[in-house]
Amino acid sequence: ERIRNYSVLLMQLYKDEEDHPEIDSRLLRDLYDSSILHDIGKVGIPDSILLKKGFLNEEEFAIMKNHTIIGYEALKNAAGDLGSDFFLNMAMDIILYHHERWDGAGYPYGLKGEEIPLTARIVSIADVYDALTSKRPYKSAFSHEKALDIMQHEEGKYDPELFNLFVKNAEKFNKIKLKYSDEKNGGES
């Protein structure tokens, strides 16, 4: 629920910031539905890597990075059976490109700037914020403030316009985090 709501909020803020007639209720609904699939490819990653208590070594990280392609291929195969649908195309873009970086230093293809689909740029911000503010096998949940500080020091990672909207409206994202988090479990819901 957090990823969905962060993503839709950021898309709505983007729409409201300037006139974006292409962003309509259908696009927002499809983003809501498809954003939660961003890490579906992790089903193809061994638990020894997914649940590792410490940080991943270089080899393990190389395996982890494959989750984008695994997820994309799985959804592409399903889309072949189901037929072409905008929702599925959006989901495939998000799955494949949500770890690309604005500066081109991301993966799997090193796309840069607006080569990265808008929905993937949005989910990237939502995903990082959620990962930082949630408990993981290798770390405790960071506070909202600490997460913002970390993200603001990740030079070149995010679409600057979207990231500025995120920062400007940070308290709205914190409210979503609090609404959908079970604090006694370290921020996981």
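The rules we used
- Residues numbered from 1 in each chain as written.
- Predicted model: local features only at pLDDT ≥ 70, side-chain atom pairs only at ≥ 80, totals over all residues.
- Heavy atoms only, no water.
- Helix = DSSP H or I, 4+ residues; strand = E, 2+ residues; numbered from the N terminus.
- Rg over C-alpha atoms; globule rule 2.2 N^0.38 Å.
- Contact = heavy atoms within 4.5 Å.
- Areas by Shrake-Rupley, 256 points an atom, 1.4 Å probe, with all protein chains shown as cover.
- Lys, Arg positive; Asp, Glu negative; His and termini not counted.
- Charge placed at Lys NZ, Arg CZ, Asp CG, Glu CD.
- Core = buried A, V, L, I, M, F, W, Y, C linked by side-chain atoms within 4.5 Å.
- Buried < 20%, exposed > 50% of the residue type's maximum accessible area, 1.4 Å probe, protein only.
- Axes fitted to C-alpha atoms, helices over the stretch in contact; angles between N-to-C directions.
- Parallel < 35°, antiparallel > 145°, perpendicular 65-115°, else oblique.
- pLDDT = per-residue confidence, 0-100.
- Phe/Tyr/Trp six-rings, centres within 6.5 Å; stacked < 30°, edge-to-face > 60°.
- Polar contact = N/O pair within 3.5 Å; in protein donor to acceptor, adjacent residues only side chain to side chain.

K.L.:
Looking at this structure, how should I read the overall build of the protein?
P.N.:
When helices and strands are counted, the protein shows 10 helices and zero strands. For the protein, the N- to C-terminal ordering of α and β elements is α-α-α-α-α-α-α-α-α-α. Relative to a compact globule of 189 residues, whose C-alpha radius of gyration would be 16 Å, the protein shows 16 Å and is just as compact. Along the first, second and third principal axes, the C-alpha atoms of the protein reach 45 × 40 × 30 Å. The contacts of the protein with a sequence gap of at least 6 include a subset with a gap of at least 24, amounting to 64%. With the model as given, the accessible surface of the protein reaches about 9900 Å², and the carbon-plus-sulfur share is 52%. Where the 24 positive side-chain charges of the protein centre and where its 34 negative ones centre are 6 Å apart.

K.L.:
Mind showing me how you'd approach the nonpolar core here?
P.N.:
Across soluble globular proteins, nonpolar side chains have a tendency to be buried as a group. Counting residues in hydrophobic clusters, the biggest one holds 32 residues, and the most contacted among them are Leu-10, Ile-125, Met-151, Phe-166 and Phe-173. Elements represented by at least two residues in this core include exactly α1 (2-17), α2 (25-34), α6 (86-97), α7 (118-133), α8 (144-152), α9 (160-168) and α10 (170-179). The residues touching Met-151, leaving out its near neighbours within four places in the chain, are Ile-125, Val-128, Tyr-129, Leu-132, Tyr-158, Phe-163 and Phe-166. Listed in part, the seven residues of the second largest apolar core include Leu-37, Leu-75, Ala-79 and Ala-91.

K.L.:
Sorry if this is basic, but what is going on with the environment of Phe-142 here?
P.N.:
Among the structural elements, Phe-142 can be located in the loop between α7 and α8. Once residues within four sequence positions are removed from consideration, Phe-142 is found in contact with Leu-132, Thr-133, Ala-147 and Ile-150.

K.L.:
Whenever I open this one, the packing of α1 against α9 confuses me. Can you help?
P.N.:
Helix-helix packing: each pair is described by the crossing angle between the helix axes and the interaxial distance. It is at 10 Å that the axes of α1 and α9 come closest, and there the two elements cross at 105°. With respect to α9, the element α1 is oriented roughly perpendicular. Along its contact with α1, which presents Leu-10, Leu-13, Tyr-14 and Glu-17, the element α9 presents Glu-161, Leu-162, Leu-165, Phe-166 and Lys-168.

K.L.:
Whenever I open this one, the confidence of the model for the protein confuses me. Can you help?
P.N.:
Detail in the predicted coordinates should be disregarded across regions flagged by low pLDDT. Across the protein, the average pLDDT comes to 92, with 94% of residues at 70 or higher. Confidence, expressed as mean pLDDT per element, reaches its minimum in the protein at helix α5 (residues 67-82) with 87 and its maximum at α7 with 98. In this model, residues 183-189 is a region of pLDDT below 50 whose contacts with residues beyond four sequence positions or in other chains number 22 contacts.

K.L.:
Is there a simple way to think about the packing of aromatic side chains in this case?
P.N.:
The relation between two aromatic rings is expressed through the spacing of the ring centres and the mutual angle of the planes. Per the counting criterion, the structure on display carries nine aromatic pairs. Centre to centre, the rings of Tyr-158 and Phe-163 are 4.9 Å apart; their planes meet at 10°, and the pair counts as stacked. The residues Tyr-158 and Phe-163 share a single accessibility class, namely buried. One aromatic cluster is present, built from ring pairs that chain together Tyr-6, Tyr-129, Tyr-158, Phe-163, Phe-166 and Phe-173.

K.L.:
Any chance you could explain the side chain of Arg-121 here in plain terms?
P.N.:
Its place among the elements puts Arg-121 in helix α7. Looking at Arg-121, its side chain comes within polar contact range of the main-chain oxygen of Ile-116, at 2.6 Å. Polar side-chain contacts of Arg-121 include one of 2.8 Å to the side chain of Asp-159. When residues no more than four places from it in sequence are discounted, the contact partners of Arg-121 are Trp-102, Gly-113, Glu-114, Ile-116, Asp-159 and Leu-162.

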